[in-house]
Amino acid sequence: MNNDELELINAGVDDELDAAGRVRLDALLAGSEQARDLYDGLQRLGTFLEQVPPVEPPSALHGRIVNSISLPRPTAPGLKGLFNVIPGLLRYGLAAGLAVVVTMAVYQGGSQLNGVDYDKLVGTISARGAELDRFEFNQDGAQGSVRILERGDTYALEFELQARRPVLFDVDFADSGLRFDALAQADLNLDELALTKTTLSARTEGSQRFVVLMRPVAPGSPTQARISIALSQDGESIGRGVLDTGRDR
Amino acid sequence: MTKDQDFALIEDCKNGDQQALASLVRRYERPVFNVAYRMLGTADEAADVSQTTFLKAFENLSRYNPEYKFFSWIYRIAVNESINQLNRRKRLGELGDDHVAPGGGPEVSVDADRLSAEVQAALNVLSDDHRAVIVLRHFSEHSYRDIGAMLQIPEKTVKSRLFSARRVMQEQLERKGVTL
């Protein structure tokens, strides 16, 4: 047999022939016992190899791989440049001695919904208001809670955390009818922060407390706000929850 | 998972999304490990190569061309890393057959274990190039086109290497008394 015939037989075994190739192969097999023997032998080899079971990777391999990879810092698409300055401003504000509890006055100064007002990203805050829902977590040395509170037209997400290792919070309120309005914090700085008007990602450790303030996208909305929260350490999920205002406005 | 889903996860990874990273690793760690295992024959080395494969893939994520399939790219890295490891092994002194892990693990039956070991022994006789095409075709079930893309060789070369590799494997298995 020539090389073309050998390749034809191989391609037939691998089911890589088009209709014309299939016709040529059938003709070859019909007219050559040698070709039939070869074809059958290759098919038997394929069948034999199919019986070999896949090997399960060691259970620790996943964590080993994920922990060895350093991704870029979380960023908000399209807003990266704008919002990267926020942690610096937070530190500046705190260093300036705004240790006074600013409470809701921080954001009551005429916030507009068409942009983030940096002046509101400083200070400490006591998020007063009616608690609507709460999500608690306690896993792998990280414990704490996220509460949603309501005061007038404003909602406050209050985060409290005690963690030995960095915890990444991913908060998504894209479908809630709410949008980011302001951020205030007590205690220590956040290690990393990235936000858009409908998402927030923060990495922090130790003893932390910070508050995210949100307003309705439009008057009268939301009818029922649902905010998704995911927590992870070293790429592994340690908690996931949904906070719900649980009421029509 | 589709090419688009892979692409979306990759974009999320570029934005620092750890969960996207975990999803992508979960999706491909098993096939990458199996490719490395069949190329190398030992679980420890296969785990090392799997880790290096993902590390290199993510270090070079900016070079990934989304017009091509992500798995083609990561399998290519896995095969190349496996061949690099084989070369390192050769420099240090070839392992004998008795160093090659026999098979899957404690949950695998004795017959499956023996089958796996016999096949691995036959694979170990092949050249690196021939072993790569056999592993990608028979243990990862890729098409000629995908194998060509992964190994950056023409499809015609894939065919000819497969043919030669299969003949050698048949001979090896028959020599060990395996009835095909």
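Residues numbered from 1 in each chain as written. Chains lettered and ligands numbered in written order. Predicted model: local features only at pLDDT ≥ 70, side-chain atom pairs only at ≥ 80, totals over all residues.

A.B. asks: Let's hear about the overall build of chain B: which residues, and what values?
C.D. replies: Regarding its fold elements, chain B presents eight helices and zero strands. Counted from the first residue to the last, chain B has its helices and strands arranged as α-α-α-α-α-α-α-α. Looking at chain B as a whole, 43% of its 180 residues are labelled buried. Intrachain contacts of chain B at a sequence separation of at least 6 include 61% that bridge at least 24 residues. (Helix = DSSP H or I, 4+ residues; strand = E, 2+ residues; numbered from the N terminus. Buried ≥ 20, exposed ≤ 12 C-beta atoms within 10 Å, placed from the backbone. Contact = placed C-beta atoms within 7 Å.)

A.B. asks: Give me the lowdown on the overall build of chain A, citing residues and values where you can.
C.D. replies: Summing up its helical and strand segments, chain A has six helices and eight strands in all. Along the chain direction, N to C, the helices and strands of chain A fall in the order α-α-α-α-α-α-β-β-β-β-β-β-β-β. A burial count over chain A gives 35% of its 249 residues as buried. Sequence separation of at least 24 residues holds for 65% of the intrachain contacts in chain A that already meet a minimum separation of 6.

A.B. asks: Report on the nonpolar core, specifying residues and quantitative values.
C.D. replies: One finds B:V35, B:A36, B:I74 and B:A78 to be the most contacted residues of the largest nonpolar core, which totals 65 residues. Per-element tally for this core: the top contributor is helix α2 (residues 18-40) of chain B, with twelve residues. Ignoring any residue separated from it by four or fewer positions in sequence, one finds B:V35 in contact with B:Y75, B:A78, B:V79, B:V135, B:F139 and B:S140. In terms of nonpolar packing, the next biggest core, distinct from the first, is built from 32 residues, A:V146, A:L161, A:L168 and A:V212 among them. (Core = buried A, V, L, I, M, F, W, Y, C linked by C-beta atoms within 7 Å.)

A.B. asks: So what's going on with the interface of chain A and chain B? Residues and values would help.
C.D. replies: Facing 40 residues of chain A, the contacting portion of chain B comprises 41 residues. At the level of elements, α1 (3-13), α3 (33-50), α4 (61-68), β7 (226-233) and β8 (236-244) of chain A are the ones that each hand at least two residues to the side of chain A that touches chain B. The greatest single-element share of the side of chain A that touches chain B, amounting to seven residues, is contributed by α3(A).

A.B. asks: Can you explain the environment of B:I10? Please cite residues and give values.
C.D. replies: Residues and elements named next belong to chain B. Tracing the backbone through its elements, the reader meets I10 in helix α1 (residues 3-14). The exposure class assigned to I10 is partly exposed, which follows from the 19 C-beta atoms found within 10 Å. The spatial distance from the C-alpha of I10 to the C-alpha of L21 is 7.7 Å, given a sequence separation of eleven residues. I10 has contacts with L61, Y64 and F70, leaving out every residue within four places of it along the chain.

A.B. asks: Describe the packing of α2(B) against helix α4 (residues 70-92) of chain B, with residues and values.
C.D. replies: All names here are of chain B. Put simply, α2 and α4 touch, their axes get as near as 9 Å, and they point 30° apart. Compared by their axis directions, α2 and α4 come out roughly parallel. As for the relative orientation of α2 and α4, their crossing is right-handed in sense. Two secondary-structure elements touch here, α2 through Y28, V32, V35, A36, M39 and L40 and α4 through F71, I74, Y75, A78, V79, S82, Q85 and L86. Of the residues assigned to the contact of α2 with α4, the class counts are twelve nonpolar, two polar and no charged. (Axes fitted to C-alpha atoms, helices over the stretch in contact; angles between N-to-C directions. Parallel < 35°, antiparallel > 145°, perpendicular 65-115°, else oblique. Left-handed = near helix turned anticlockwise from the far one by under 90°. Nonpolar A, V, L, I, M, F, W, Y, C, P; charged D, E, K, R; others polar.)

A.B. asks: Report on helix α3 (residues 43-59) of chain B, specifying residues and quantitative values.
C.D. replies: Helix length check: α3(B) (17 residues) gives 24 Å between terminal C-alpha atoms against 24 Å at 1.5 Å per residue, within 8%. When we look at burial in α3(B), the residues that qualify are B:A43, B:E45, B:A46, B:A47, B:V49, B:S50, B:Q51, B:T53, B:F54, B:A57 and B:F58. (Expected span 1.5 Å × (residues − 1).)

A.B. asks: With reference to specific residues and values, describe the pairing of strand β2 (residues 142-151) of chain A.
C.D. replies: Residues and elements named next belong to chain A. Where strand β1 (residues 130-139) meets β2, nine bridges bridge the pair, whose relative direction is antiparallel. Counted as the bridge partner of E136 is S145 from β2. In this antiparallel pair of consecutive strands, β1 and β2, the connection spans two residues, and D140 shows a positive phi of 50°. Strand direction decides the pairing type here: β2 and strand β3 (residues 154-172), joined by ten bridges, are antiparallel. Bridging across to β3, S145 finds its partner in E160. Between β2 and the antiparallel strand that follows it, β3, lie two residues; G152 among them carries a positive phi value of about 60°. (Pairing = 2+ DSSP bridges.)

A.B. asks: Which residues make up the pairing of β7(A), and what values do they have?
C.D. replies: Residues and elements named next belong to chain A. Relative to β7, β3 runs antiparallel, the two being bridged by five bridges. Residue pairing in the sheet places V171 in a bridge with I229 of β7. Where β7 and β8 come together, eight bridges link them in antiparallel fashion. Paired with S228 across the two strands is V242, which belongs to β8. Counted along the chain from β7 to the antiparallel partner β8, the turn is two residues long, and its residue D234 has a positive phi close to 55°.

A.B. asks: Kindly report on the packing of α2(B) against α3(B), identifying the contributing residues and their values.
C.D. replies: All names here are of chain B. The N-to-C vectors of α2 and α3 enclose an angle of 130°; their axes lie 8 Å apart at closest approach. Accordingly, the angle class assigned to the pair α2 and α3 is oblique. In the crossing of α2 with α3, the sense of the turn from one axis to the other is right-handed. Listed contacts from α3 to V25, E29, V32, F33, A36, Y37 and L40 of α2 are A43, E45, A46, A47, V49, S50, T53 and F54. For the contact of α2 with α3, a count of residues per class yields eleven nonpolar, two polar and two charged.

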